[in-house]
Amino acid sequence: MDKFIIKGGNTLSGEVEISSAKNAVLPIIAATILSGDKCTILNCPMLLDVYVICDVLRSLGAKVEIESKNSTVNIDTSNLSDNKPCGDLVRKMRGSFLIMGAMISRFGSFKISLPGGCNIGTRPIDLHLKGFKALGAKVKIDHGYVQVSAEKLIGDKIYLDYPSVGATENIIMASVLAKGETIIENVAQEPEIGDLINFLNKMGAKVKGIGTDTLKVTGVEYLHGAKHRPIYDRIEAGTFMIAAGITRSKMKINGINHEHIKPVIAKLSEMGMDIQLYNNGLIIDGRNELKPIDIKTMPYPGFPTDMQPQMMSLLSCVLGTSVVTETIFENRFMHIAELKRMGANIKIDGRSAVIEGINKLTGAQVKATDLRAGAALILAGLESDGETEIVDIYHIDRGYSGIEKKLGLLGAEIKRVKDSSLDEELKVKNQ
Ligand code: EPZ
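We now turn to the structure provided with this report. This one's a predicted model, so the numbers in the text were calculated from it and none came from an experiment.

Overview of the site of the ligand
No. 1: Close to the ligand lie 22 residues; Asp126, Leu127, Ser164, Asp306 and Ile328 are nearest.
No. 2: Between an oxygen atom of the ligand and a main-chain N or O atom of Pro124, the distance comes to 3.4 Å.
No. 3: In isolation the ligand has 830 Å² of accessible area, and contact with the protein removes 86% of it.
No. 4: Of all elements in the fold, only helix H1 (22–31), helix H5 (126–134), helix H6 (165–175) and helix H12 (371–383) reach the threshold of two or more residues within the shell around the ligand.

A word on the nonpolar core
No. 1: Counting 73 residues, the largest nonpolar core has Leu34, Ile99, Val176 and Leu200 as the members making the most contacts within it.
No. 2: If near-sequence neighbours (up to four positions away) are discounted, Leu34 is found in contact with Ala102, Ser105, Met173, Val176, Leu177, Leu200, Met203 and Leu223.
No. 3: Formed by 65 residues, the second largest nonpolar core is a distinct cluster that contains Ile256, Leu290, Leu361 and Ala375.

Here's the deal with empty space enclosed by the protein
No. 1: Applying the stated criterion to the full structure yields 3 cavities of 30 Å³ or more.
No. 2: Space inside the largest cavity adds up to approximately 40 Å³.
No. 3: Tyr232, Asp233, Arg234, Ala237, Gly255, Ile256, Asn257, His260 and Ile261 together form the lining of the largest cavity.
No. 4: A class-by-class count of the residues in the lining of the largest cavity yields 4 nonpolar, 3 polar and 2 charged.

Some thoughts on the sheet that holds strand E13 (residues 227–228)
No. 1: Taken together, the 4 strands give an open sheet; going across it, the order is E4-E5-E3-E13, and neighbouring strands pair in mixed fashion. Edge strands, defined here as strands with exactly one partner in the open sheet, are strand E4 (63–67) and E13.
No. 2: Where strand E3 (residues 38–41) meets E13, 2 bridges bridge the pair, whose relative direction is parallel. Looking at the pairing, Ile41 lines up with His228 of E13.

Some thoughts on the packing of H6 against helix H7 (residues 191–202)
No. 1: Two numbers describe how H6 lies on H7: the axes approach to 10 Å, and their chain directions differ by 10°. Judged on the interaxial angle alone, H7 and H6 are roughly parallel. In this structure, H6 contributes Val165, Thr168, Glu169, Ile172 and Met173 to the contact, and H7 contributes Glu192, Ile193, Leu196, Ile197 and Leu200.
No. 2: Among the residues forming the contact of H6 with H7, the class breakdown is 7 nonpolar, 1 polar and 2 charged.

Parameters at a glance
Residues numbered from 1 in each chain as written. Predicted model: local features only at pLDDT ≥ 70, side-chain atom pairs only at ≥ 80, totals over all residues. Heavy atoms only, no water. Near = heavy atom within 4 Å. Polar contact = N/O pair within 3.5 Å; in protein donor to acceptor, adjacent residues only side chain to side chain. Areas by Shrake-Rupley, 256 points an atom, 1.4 Å probe, with all protein chains shown as cover. Helix = DSSP H or I, 4+ residues; strand = E, 2+ residues; numbered from the N terminus. Core = buried A, V, L, I, M, F, W, Y, C linked by side-chain atoms within 4.5 Å. Buried < 20%, exposed > 50% of the residue type's maximum accessible area, 1.4 Å probe, protein only. Contact = heavy atoms within 4.5 Å. 1 Å grid on protein atoms, 1.4 Å probe; cavity = no way out; pocket = protein on both sides within 12 Å on 5 of 7 lines; lining within 4 Å. Points joined across faces, edges and corners; volume = space filled by probe spheres on them. Nonpolar A, V, L, I, M, F, W, Y, C, P; charged D, E, K, R; others polar. Pairing = 2+ DSSP bridges. Axes fitted to C-alpha atoms, helices over the stretch in contact; angles between N-to-C directions. Parallel < 35°, antiparallel > 145°, perpendicular 65-115°, else oblique.

Below, the structure written as structure tokens:
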């Protein structure tokens, strides 16, 4: 098991390149199931979650070549079968449930291990299943598996009780080859969904309504292969913007769609950061005195929940009182206990956290409890006095490719080391 060792206190400078979006690439890789032709994903981020979903497709008979040198993934699902994918792989990453919609479109029936919850919440799939049923599928759940089957999926009208990102994506993929027209109302509008729709339309699908709360899908007979370069990762970009703020630095960030990251630009500007936009990037200056602010996470185009932990690290070292309210996930405050080990003064009050900013955090041994919590701890370590050690960083590798290299190039002192003590611990546990 690896861990990060960070020596805090450096200011950063220079420029960083943002990778393609994990949360766009995962549904796009799932969508390649819909065509028996070859698909190519360009500039694909080399992330643990990408490797896992590629292994899930391989366990179903797909041919997947990952050319990490040029960040290209070639997928051939011509020999795909509908036998059960490896349960361990599916349980390893909830995102694998995104193959369900595509699999029932292609094979009419599919059985997969129920996706588990994770540290940030129970992560239910009731809205996914509601959509499949509305399209005429039968759903059976037993012994920890969910089986969805339909002779033929028939287009219909579906209202999503909540604008769930995954449910929107799964239902789109279940409707693109369905008979007739499907109207999906109250959909999620995250940019990653628009990118999935653009990929599907390149494959010959007919999906209209990107950026609105209602999608109209006209079913087609067949989808052909396509080549696609996914959108930039707005959460990685936001994470580096906060790195500039927390280290009181000025830096250039290349690979940004300004529209996609508007809520983060708005809140960091409100705090006093100077942000100059230019095409596909921005220059951000965090050297001014920053002011405390209140944050409330909302579905897009509100402030993204995936930026909440990182923002909390920043607010922990901005003098004054800030309030962070998490409305999307019921348990996305796991990073608070770790930040408090670093001296942060945070009190949880239901879905809100009240932060009394302090001058300086102090380095400590902390644990990444989930992907964005891990990113938040890296940011806190960059600012802290002394050394911070972060274990369980496999969570971070799920969503950030080479974050320590990118930060190192900006002047941060962060290194990845093997944590043999943890390996010993694991060995003992597994005896
Ligand atoms: C996606 O998860 C992202 N993951 C998450 O990013 C992101 O935090 C989330 O959307 C919200 O933006 C991927 O795209 C792979 P949801 P998803 O369905 O689809 C409730 C990261 O850090 N809900 O929009 O699982 C659910 O309980 C990850 O990159 C239902 O009630 O999110 C939650 O409270 C973390 N029933 C809320 O909706 C359902 O059937 C939002 O979940 C589905 C969801």
